[in-house]
Amino acid sequence: MKYSYFLIALCLTTLQTFAQQAQTAEEESVENKITVLLSKMTLEEKIGQACLKGTSSRSKGLSDELKEQVRQGMVGAILNLTDTALVLQIQKIAVEESPNHIPLLFGRDVIHGYKTIFPIPLGLSATWNTTIAEQTSIVAAHESYARCINWTFAPMVDVCRDARWGRIAESPGEDPYLASVLTRAYIKGYQGENLSTPGNILACTKHFAAYGAVEGGRDYNTVNVSESLLRNVYLPPFKAAVEAGSATFMTSFNDVNGVPSSGNTFLLKQVLRDEWQYGGFVVSDWNSVTEMISHGYCADEKEVALKAATAGMDMEMTSQAYAHHLKTLIEEKKITEEQLNEIVRHILRIKFRAGVFDNPYFKEKDSFKILDPASLELARTSAIKSFVLLKNEKQILPLSANKKIAVIGPLAHAPKEQLGTWIFDGDKTNSITPLTSLQQTYGAANVNYAAGLKYSRDESEEGFKEAVAAAKKSEVIVFFAGEEAILSGEAHSRADISLPGAQEKLIQALAKTGKPIVLVIMAGRPVTIDRILPNVAAVVMAWHPGTMAGPALADVLTGKENFSGRLTVTWPKTAGQIPVYYNHTSTGRPADSASFVGIKDIPVEAWQSSLGNNSHYLDAGFTPRYTFGYGMSYTSFSYSNILLKQNVLDKNDSLYVTVTITNTGTRSGTETVQLYVQDVSASIVRPVRELKAFAQVELKAGESREMQLHVPVAELGFYTNEGKYVIEPGMFNLWVAPDAAGGKKQTFEVK
């Protein structure tokens, strides 16, 4: 028997060795091909590979100028060309008429679906489900490839702690660990196991780096972060992307500590190339290279080209600093041709790996279907799993089948708005709205509909009377509130993140009818709802759920499906609390409920130091409205028998924790089990909690299951202010909990 095991092990080792040798040989072959190709290319052709040309999404044809530039080998990739006939036409010019027959890449912002639109990325993150992340990316890749797109500018992996920022809608949330896990899944979905397989497309991990930390949540704004904060919070998802094989990276618009990302040598060379050994290519964001002039970092376009190329920015999107000045800079010996060769090598390497030399015309593209029934079902499932139940007073939900319901609100029947931000190719005619689905579920005669407001920002009260009348004829009100899609996404930051327009007024008017209100929020960010929270019996965060929003919401509101979504961003009581996030540090005077005195409880002429002098707001306290990881269900769960395999570990060990999860309710449900750790005392202050592992378990009523969570001790370290990763000995606290505020504390030690 031992001999048999030995033979099996030997065979597996041999196969692994052969596979590694084959991969090495293939990589060497690609590098040799690049070397040969570079030797044939003129300086102008090399510069051309570093140029990404933009086209209008509404373009009716190809300009003669663009065709001639491609013919001369002066273009490396094209952006936003969506007519497949035009794609194939310009590709034919590149392959058959350009000097070295180098094919083009065709890029597009396919952020959460091409035609089949899935929940916005912040909503997808609320599923805590890597399978969903991967599967939705596969569908997006296949639909894109069918339309001759082989490069998506996704995933966006910017950790964000500020709900004012419009692009939080595209973010994986506030936690670097969860963001890293999701990043790997997205990239695997887009790129598959082999980049060159028809149907797979290039991922572009963005925005490198710390774009989610812009001051004030205002887009494009400056970012000032210590190196330890940068490395511990904002860079981990990008490192995960490198490890997952992301073909391309995109720089961010912002400066980081005074240096714009598109010219940031620390980020692009030291971290990305030297430390992480990244082999793909880096593209700028739209005009972000020449925007270094507006930043005040460059005097003119020529200096822009010099600083971007020196820093290691490979391909320039839409602006033309490289096209106009790289040749002169080389002639002036400010940049060497060897530097340019390295830039072009990065780009050609990805083109070879992606198989575009062998497959420039998107073979088998017609085999990939648009809006396939299976894809729409996945859109429905992903939306269901993204919904977060935040409040359910007196178990008003699920709604019984024989109810007369009022469907009210500006998002109830808004097919365009439910798709969310960044859906250039989405089509509202494919959307199924909540109103449509609830009418199908309950029968049109049992649904009293009145929008009340024409759109989310509408301040007119002329529709209130009709809405109140609809409510009075019903037993329960389902109010679809939130934001239009245009209110989140790039450049769409908000200082006030409450419900826009007259939505709060309408809810308060409806509350006077005495009918219970179920508030369904469809938005690209958490919205502050404290002023109306007492007026509603239930709150559902639905994000912008995509094409199948209606069927998915009908399923959960009626109890056909259970809620399982969990927040991936902390939900503030008021915008004044922002930035607010679970993994903050303690401060020297942490607040607690025993000593906190709120603004309404302060005695008149109180003594200056009588309020405890702890870290809190007098009016908003020290806790958010809803914490990270929070979400309710139609059932309940208990945690018991939490056991650590070892209480003392060394740096080479792994932490193993087992816990028994029991469904103590009356129906099946899914629980997301979360493991948090705190380094109690370290050389720099550490967060009060950090997510280090999680697992989902689906249990029937009364069912129990033992779960095991695993964390290598090597992942309990952190980066110092000098950029060094350390695993320091000492005591650690641990919680296994349903969210970032729960659980019973346990301890272990690292020697």
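These figures come from a predicted structure and were not determined experimentally.

**Student:** Can you lay out the overall build of the protein for me, pointing to particular residues and giving the numbers?
**Tutor:** Check the secondary structure of the protein and you find 19 helices and 26 strands. A compact globule built from 751 residues should have a C-alpha radius of gyration of about 27 Å, and the protein, at 27 Å, falls within 12% of that. By principal-axis analysis of the C-alpha atoms, the protein measures approximately 80 × 70 × 65 Å. Relative to its 751 residues, the protein shows a buried fraction of 58%. Here the protein has roughly 29,900 Å² of accessible surface; of this, 50% comes from carbon and sulfur atoms. Placing the 73 positive and 80 negative side-chain charges of the protein at their respective mean positions leaves the two points 5 Å apart.

**Student:** For helix α9 (residues 236-243), give the residues involved together with the corresponding values.
**Tutor:** Those residues of α9 not exposed but buried are P237, F238, A240, A241 and V242. On its buried face, α9 sits against α7 (176-191), β5 (204-208), α8 (227-234), β6 (248-251) and α10 (265-275).

**Student:** Kindly report on the packing of aromatic side chains, identifying the contributing residues and their values.
**Tutor:** The tally for this structure, following the rule as stated, stands at 26 aromatic pairs. Aromatic pair W151 and F281: ring centres 5.4 Å apart, planes at 70°, arrangement edge-to-face. Residue W151 is located in strand β4 (residues 151-152), and its partner F281 is located in strand β9 (residues 281-283); the two are separated by 130 residues in the primary sequence. For W151, a relative accessible area of 0% translates into the label buried. Here the aromatic rings of F352 and F357 are separated by 4.0 Å at their centres, their planes lie at 10°, and the arrangement is stacked. By relative accessible area, F357 is classed as partly exposed at 25%. One aromatic cluster is present, formed by W128, Y177, Y582, F628, Y676 and F694 through successive ring pairs. Of note, K206 hangs over the ring of W422, and the distance from its end group to the ring centre comes to 5.7 Å. Above the ring of Y676, the side-chain terminus of R689 is found at 5.8 Å from the ring centroid.

**Student:** Go over the packing of helix α15 (residues 373-386) against helix α19 (residues 549-557) with me, naming the residues and quoting the values.
**Tutor:** In contact at an axis separation of 8 Å, α15 and α19 are set at 45° when each is read in the N-to-C sense. Judged by the angle between their axes, α15 and α19 are oblique. When you trace α15 past α19, the crossing you get is right-handed. When α15 is examined against α19, the residues R380, A383 and I384 are found in contact with a partner set consisting of P551, A552, D555 and V556.

**Student:** Any chance you could break down the sheet that holds strand β14 (residues 476-482) for me, citing the residues and the numbers?
**Tutor:** Taken together, six strands build an open sheet; the order of strands is β11-β16-β15-β14-β12-β13 and the sheet is mixed. A strand with exactly one partner marks an edge of an open sheet, and here the two such strands are β11 (388-392) and β13 (447-450). Geometrically, the sheet is characterised by an average inter-axis angle of 15° between neighbouring strands, direction not taken into account. Pairing of strand β12 (residues 405-408) with β13 involves four bridges; the strand directions are parallel. Following the sheet pairing, V407 is matched in β13 by Y449. Helix α17 (residues 464-472) rests against β12, β13 and β14 of the sheet, and its axis sits at about 170° to β13.

**Student:** Hey, could you go over the pattern of salt bridges for me, with residue numbers and the actual values?
**Tutor:** The final tally for this structure, using the stated rule, is 33 salt bridges. Notably, a salt bridge pairs E393 with K391, separated by 3.7 Å at the nearest N-O pair. For E393, a relative accessible area of 41% gives the class partly exposed. Note that E462 is salt-bridged to K454, the shortest N-O span being 4.0 Å. Side by side, E462 and K454 carry an identical accessibility label, which is exposed.

**Student:** Please give an account of helix α6 (residues 130-146) that cites residues and values.
**Tutor:** Given a rise of 1.5 Å per residue, 17 residues ought to cover 24 Å, and the 24 Å separating the end C-alpha atoms of α6 matches this to within 8%. Three or more residues of α6 are buried, namely I132, A133, T136, S137, V139, A140, A141, E143, S144, Y145 and A146. Summarising the contacts, the buried residues of α6 are in contact with α4 (84-97), α5 (121-125), α7 and α15. Looking at where α6 begins, the residue whose side-chain oxygen comes 3.0 Å from the main-chain nitrogen of T131 is N129. Remark: C148 follows α6 within two positions and exhibits a positive phi of approximately 65°.

**Student:** Tell me what's going on with the sheet that holds strand β17 (residues 637-644), and back it up with residues and numbers.
**Tutor:** Strand order in the open sheet formed by three strands is β17-β19-β22, with antiparallel pairing between adjacent strands. Strands with a single pairing partner mark the edges of an open sheet, and in this sheet they are β17 and β22 (704-712). Direction aside, neighbouring strands of the sheet carry axes that sit 25° apart on average. Alignment of strand β19 (residues 654-663) against β22, held across nine bridges, turns out to be antiparallel. Paired with V657 across the strands is L709, a residue of β22.

**Student:** Break down the pairing of strand β15 (residues 517-522) for me, with residues and values.
**Tutor:** Most of β15 sits out of view: six of its six residues are buried. The alternating pattern of β15 places I517, L519 and I521 on one face and V518, V520 and M522 on the opposite face, and all of these are buried. Of the strand pairs in this sheet, β14 and β15 are connected by six bridges, and their pairing is parallel. Within the sheet, the bridge partner assigned to I477 lies in β15 and is I517. Read from β14 through helix α18 (residues 503-511) to β15, the crossover connection turns out right-handed.

**Student:** Residue-level account of the pairing of strand β20 (residues 669-679), with values.
**Tutor:** With eleven of its eleven residues buried, β20 lies for the most part within the structure. With burial as the criterion, each face of β20 is covered, one bearing G669, E671, V673, L675, V677 and D679 and the other bearing T670, T672, Q674, Y676 and Q678. Taken together, the nine bridges between β20 and strand β21 (residues 690-699) define a ladder with antiparallel strand orientation. The partner of T670 across the bridge, within β21, is E698. With six bridges connecting them, β20 and strand β25 (residues 730-737) associate as antiparallel partners.

Rules behind the numbers
Residues numbered from 1 in each chain as written. Predicted model: local features only at pLDDT ≥ 70, side-chain atom pairs only at ≥ 80, totals over all residues. Heavy atoms only, no water. Helix = DSSP H or I, 4+ residues; strand = E, 2+ residues; numbered from the N terminus. Rg over C-alpha atoms; globule rule 2.2 N^0.38 Å. Buried < 20%, exposed > 50% of the residue type's maximum accessible area, 1.4 Å probe, protein only. Areas by Shrake-Rupley, 256 points an atom, 1.4 Å probe, with all protein chains shown as cover. Lys, Arg positive; Asp, Glu negative; His and termini not counted. Charge placed at Lys NZ, Arg CZ, Asp CG, Glu CD. Contact = heavy atoms within 4.5 Å. Phe/Tyr/Trp six-rings, centres within 6.5 Å; stacked < 30°, edge-to-face > 60°. Lys NZ or Arg CZ within 6 Å of the ring centre and 35° of its normal. Axes fitted to C-alpha atoms, helices over the stretch in contact; angles between N-to-C directions. Parallel < 35°, antiparallel > 145°, perpendicular 65-115°, else oblique. Left-handed = near helix turned anticlockwise from the far one by under 90°. Pairing = 2+ DSSP bridges. Salt bridge = Lys/Arg side-chain N within 4 Å of Asp/Glu carboxyl O. Expected span 1.5 Å × (residues − 1). Polar contact = N/O pair within 3.5 Å; in protein donor to acceptor, adjacent residues only side chain to side chain. Right-handed = clockwise from strand over helix to strand, strands pointing away.

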